[in-house]
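These are the residues of each chain, in order.
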Amino acid sequence: MRFLRSAAAFLLAASATPALAAPPAAGASACAPATYRLPGGGVVDLAASDPGTLRWRDLDGATGKLVAADGDWVSQFGWTGRPDGHRVSLTDCAAGRIAFDGSPATRIPLVTQETTFTSHGTRLVGRLVLPPGKGPVPIVVLLHGAEFDSARDGNSLQRLLPAAGIGAFVYDKRGTGASGDTYTQDYSLLADDAAAALAEARRLAGKRGARFGFQGPSQGGWVAPLAATRTDVDFVIVSFGLAVSVVDEDREAIAFQMGLKGYGPDVIAKAEEIGDAATRVFESGMTEGIAELDAVRARYRGEPWYKDVYGNYTHIILGMSAEDIRTKGAQFRFHTPFRYDPMPTLRAVKAPQLWALGGMDIDAPSAETARRLKTLIAAGQPITLALFPKAEHGMTEFEEAPDGSRLSTRYTPGYFRLLIDFARGGKLADQYGDAAMTRPAGG
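Residues numbered from 1 in each chain as written. Predicted model: local features only at pLDDT ≥ 70, side-chain atom pairs only at ≥ 80, totals over all residues. Heavy atoms only, no water.

K.L.:
An account of the overall build of the chain is requested, with residue identities and associated values reported.
P.N.:
When helices and strands are tallied, the chain shows twelve helices and 19 strands. For the chain, the C-alpha radius of gyration of 22 Å lies close to 22 Å, the compact-globule estimate for 443 residues. Dimensions along the principal axes, computed over C-alpha positions, put the chain at roughly 65 × 50 × 45 Å. For the chain, the residues scored as buried account for 58% of the 443 residues in total. Each charge class in the chain can be summarised by its mean position, and for the 47 positive and 49 negative side chains these summaries are 5 Å apart. (Helix = DSSP H or I, 4+ residues; strand = E, 2+ residues; numbered from the N terminus. Rg over C-alpha atoms; globule rule 2.2 N^0.38 Å. Buried < 20%, exposed > 50% of the residue type's maximum accessible area, 1.4 Å probe, protein only. Lys, Arg positive; Asp, Glu negative; His and termini not counted. Charge placed at Lys NZ, Arg CZ, Asp CG, Glu CD.)

K.L.:
Tell me about the sheet that holds strand β10 (residues 122-130), and please be specific about residues and values.
P.N.:
In space, the nine strands of this open sheet follow the order β9-β10-β12-β11-β13-β14-β15-β16-β19, with mixed pairing throughout. Because the sheet does not close on itself, it has two edges, and the strands there are β9 (111-119) and β19 (436-438). Sheet twist, expressed as the average angle between the axes of neighbouring strands with direction ignored, equals 20°. Pairing between strand β11 (residues 137-142) and strand β12 (residues 167-172): four bridges, direction parallel. (Pairing = 2+ DSSP bridges. Axes fitted to C-alpha atoms, helices over the stretch in contact; angles between N-to-C directions.)

K.L.:
Just give me the short version of the packing of aromatic side chains, but keep the residues and values in it.
P.N.:
One pass over the full model with this rule turns up 18 aromatic pairs. When the ring of Y313 is compared with that of F338, the centres are 5.8 Å apart and the planes differ by 80°; the resulting orientation is edge-to-face. Residue Y313 is located in the loop between α7 (290-300) and α8 (314-318), and its partner F338 is located in the loop between α9 (322-328) and α10 (343-348); the two are separated by 25 residues in the primary sequence. Of the two residues, Y313 and F338, both sit in the buried class. Here a set of aromatic residues connected by ring pairs shows up, and it is made of W79, F388, Y411, Y415 and F416. (Phe/Tyr/Trp six-rings, centres within 6.5 Å; stacked < 30°, edge-to-face > 60°.)

Written out as structure tokens, the structure reads:
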């Protein structure tokens, strides 16, 4: 299985964690969520995963699902369901200790403050997590993708970053989790919410806040730079985001996906024609263009490649009848700015930006975004681009099943370390995993 996605979260639906948090397994509630220090200085994070299971994550990107067995917990490789040989004992976790492959690990005493704050009259619920100690640290305000779920429950960066000495502020965006109002994809409103979250993080952190920035994953890649033009920040991180519009994203996704399946330019052009018709329906709020979509579907439905047309949002209505689109389409009216051009915003951001992209991202293809970012870098913008060639959306690597579906195996090596080093503000390392790095002048 790949990242869990809700059909309604079609516009760049992603979070930092492929498995959304579930209630901890019986007997494990004292163990997770929590982060543990291994004897050699390594870190392992435990969090709830599918019902009755846990997920562990390492800062090097390794991860697995833990299933109870014979009094211990055995690990499955990534999201494949195959045993990977790792074994975890949670017998002493109530005392802050676990054993990972027989090595003792001690719970890291992270400092957590729960809070509420207001943006545009809406009550939002957040949490500041700081490393142990009293010294100043950088703090990353964690934004959201298009997910409907609680980031406070599901985003493991709120612990992984503090375990590495970086503070994190996580919050449920409006319409999700414990926060108020209704779900929206209004980037301007979400950017104001992000600015309010940063102000709350500053207030709570006090003297411990050394520098502040945003991390915007997926759809948050449109929101984070916009928020950075509305408040003072020291850095911006975009993970698997885009420097093109939502409409362009769907078109690029169709072309990239069809190309990976071996189709040529003629077929791709016809698939894009279907996507263009679907876009007109979405842009109208599911009220116009339905007859035109029906005509295009009728023209190509018998073609052998038709079943492979997917895109980022096109697939949602491709199999729906015209009547279903009219009657059920209202659930997809999220105030999405389909034609929003992020490039003027990216030019206006003064703070250093880091963009971490996946070369095999079929949800938000990275090629055109990388090209645009390189033009900004060449023009003098303080942007660092890291393109991880084997990573897909969410910065995970994967293996392909015989039917062509993807099974995520791990987070791509170097990704977490890159985020940590950039947030610290010092000189970056020469290499992070196998990422191709494009740096600003003097970077």
